[in-house]
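Residues per chain, in single letters:
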Amino acid sequence: GRVFIVDPGSYVYNLDREARHTFRSTAYHSTVMVDGEEQNTTNVELPFIIGNEARPVVDKWQTSHERDRVSAEHLGYTRLKDPIVHRRTIEFNKTEKYWLIEDKLTGTGRHKFNFAFHLSPGLEVTDIDRNIITISDNAGRHLYIGVHSIDRKPDIVPAFVSRNYGHKANSSILRWEVTAGAPFVVRFFIVPASPVENSVSRLELMRRLTDNI
């Protein structure tokens with residue numbers, strides 16, 4: 001009953017083109033940004049036009065009683081001097097109720113990679129313990145995010161979320177910035193805990209996942 005990771009929404013269009021540009025940017029979404037570039041080219045003066053460089057393709061979709069798994073890639077960063085292909089695979093484990101997100105960035109050269117999760121308003125990052133981040137609301141709900149292959153804490157970047165046109169609310173973005181050579185693979189585990197669940201056992205599941213990856 002609680003959203004933790006959100007799409008930022010649109011906010012406005014022509015009324016504030018800079019804001020429109022920000023809300024539709026790659027950096028404002030829960031994805032990977034490479035070398036500070038947009039996945040598709042945009043122009044602040046063209047609020048309704050976007051490039052088609054990414055050409056995303058979903059090429060795997062599997063579902064069973066135990067798990068759902070989807071995998072897709074896009075070509076938006078192949079226009080870089082050292083091209084990068086971004087493949088994201090998301091798996092939902094229905095038995096233990098957690099998600100695995102794998103970002104595989106294939107190509108050559110060294111790049112600046114930014115990994116982000118845009119958080120819903122009204123949440124607080126209550127703890128960052130080694131490679132596990134705890135996000136909480138005031139009703140006792142928690143979301144644990146574990147990361148593998150990044151040996152640093154995320155930055156908490158102030159941001160906004162728009163639920164309705166012309167309305168925005170304060171939020172934040174968890175952002176990890178890494179400079180590394182390609183290919184580069186990062187895995188995130190996302191474990192929710194409701195107020196009626198034992199948060200200690202859910203956190204123990206997270207530790208087991210990140211330690212035994």
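Placed above this text is the structure.
**Student:** Go over the side chain of Ser71, please, and point to the residues and values.
**Tutor:** Along the chain, Ser71 falls in strand 3 (residues 67-74). In this structure the side chain of Ser71 is engaged in a polar contact, spanning 2.6 Å, whose partner is the side chain of Arg87. Every residue in contact with Ser71, bar those within four places of it in the chain, is listed here: Val57, Val58, Asp59, Lys60, Arg87, Arg88 and Thr89.

**Student:** Explain the packing of aromatic side chains to me, and be specific about the residues and the numbers.
**Tutor:** Enumeration according to the criterion identifies 13 aromatic pairs in this entry. One aromatic cluster in this structure is built from Phe113, Phe115, Phe117, Trp176, Phe184 and Phe188. Note that Lys168 overlies the ring of Phe160, its terminal NZ or CZ placed 4.2 Å from the centroid.

**Student:** A description of the sheet that holds strand 1 (residues 32-34) should follow, citing residues and the corresponding values.
**Tutor:** Two strands in a sheet stick together by hydrogen bonds in their backbones, pointing the same way (parallel) or opposite ways (antiparallel). Spatial strand order, 1-6-11-10: four strands in an open sheet with antiparallel pairing. Sheet topology places strand 1 and strand 10 (155-161) at the edges, where each strand pairs with a single neighbour. On average, each strand axis in the sheet is tilted by 30° relative to the strand beside it, whichever way the strands run. Here strand 6 (residues 110-119) runs beside strand 11 (residues 169-181); their pairing, made up of 10 bridges, is antiparallel.

**Student:** Outline the sheet that holds strand 7 (residues 124-129), supporting the account with residue identities and numerical values.
**Tutor:** Ordered in space as 2-3-4-5-12-9-8-7, the eight strands form an open sheet in which the pairing is antiparallel. Of all strands in the sheet, those bounded by a partner on one side alone are strand 2 (57-63) and strand 7. Strand-to-strand twist across the sheet, computed as the mean angle between neighbouring axes with direction ignored, equals 15°. By the bridge criterion, five bridges tie strand 7 to strand 8 (residues 132-136) in an arrangement that is antiparallel. Paired with Glu124 across the two strands is Ser136, which belongs to strand 8.

**Student:** Before we move on, can you summarise the pattern of salt bridges with the specific residues and values?
**Tutor:** A full pass over the atoms with the stated rule returns 14 salt bridges. Arg2 is paired through a salt bridge with Asp137; the nearest N and O atoms lie 3.4 Å apart. Of this pair, Arg2 sits in the segment before helix 1 (17-23) while Asp137 sits in the loop between strand 8 and strand 9 (142-148); the two residues are 135 residues apart in sequence, bridging distant segments of the chain. A salt bridge links Arg17 to Glu45; the nearest nitrogen and oxygen atoms lie 3.2 Å apart. Taken together, the residues Arg17 in helix 1 and Glu45 in the loop between strand 1 and strand 2 connect sequence positions 28 residues apart. Among the residues examined, Arg17 registers a relative accessible area of 29% and is labelled partly exposed.

**Student:** Before we move on, can you summarise the side chain of Glu38 with the specific residues and values?
**Tutor:** Here Glu38 is to be found in the loop between strand 1 and strand 2. A distance of 2.8 Å separates a polar side-chain atom of Glu38 from the backbone nitrogen of Thr26. Discounting residues that sit within four places of it in the chain, Glu38 has contacts with Ser25, Thr26, Met33, Gly76, Tyr77 and Arg79.

**Student:** Describe the nonpolar core, naming the residues involved and giving the relevant values.
**Tutor:** Of all hydrophobic cores here, the largest spans 29 residues; its most connected members are Phe115, Ile135, Ile145, Trp176 and Phe188. Dropping the residues within four chain positions of it, Ile135 is found in contact with Phe4, Leu119, Leu123, Glu124, Val125, Arg141, His142, Leu143, Ile145 and Leu174. The next biggest cluster of nonpolar side chains, apart from the first, holds 10 residues, and it includes Tyr98, Ile132, Tyr144 and Val191.

The rules behind each value
Residues numbered from 1 in each chain as written. Predicted model: local features only at pLDDT ≥ 70, side-chain atom pairs only at ≥ 80, totals over all residues. Heavy atoms only, no water. Helix = DSSP H or I, 4+ residues; strand = E, 2+ residues; numbered from the N terminus. Polar contact = N/O pair within 3.5 Å; in protein donor to acceptor, adjacent residues only side chain to side chain. Contact = heavy atoms within 4.5 Å. Phe/Tyr/Trp six-rings, centres within 6.5 Å; stacked < 30°, edge-to-face > 60°. Lys NZ or Arg CZ within 6 Å of the ring centre and 35° of its normal. Pairing = 2+ DSSP bridges. Axes fitted to C-alpha atoms, helices over the stretch in contact; angles between N-to-C directions. Salt bridge = Lys/Arg side-chain N within 4 Å of Asp/Glu carboxyl O. Buried < 20%, exposed > 50% of the residue type's maximum accessible area, 1.4 Å probe, protein only. Core = buried A, V, L, I, M, F, W, Y, C linked by side-chain atoms within 4.5 Å.

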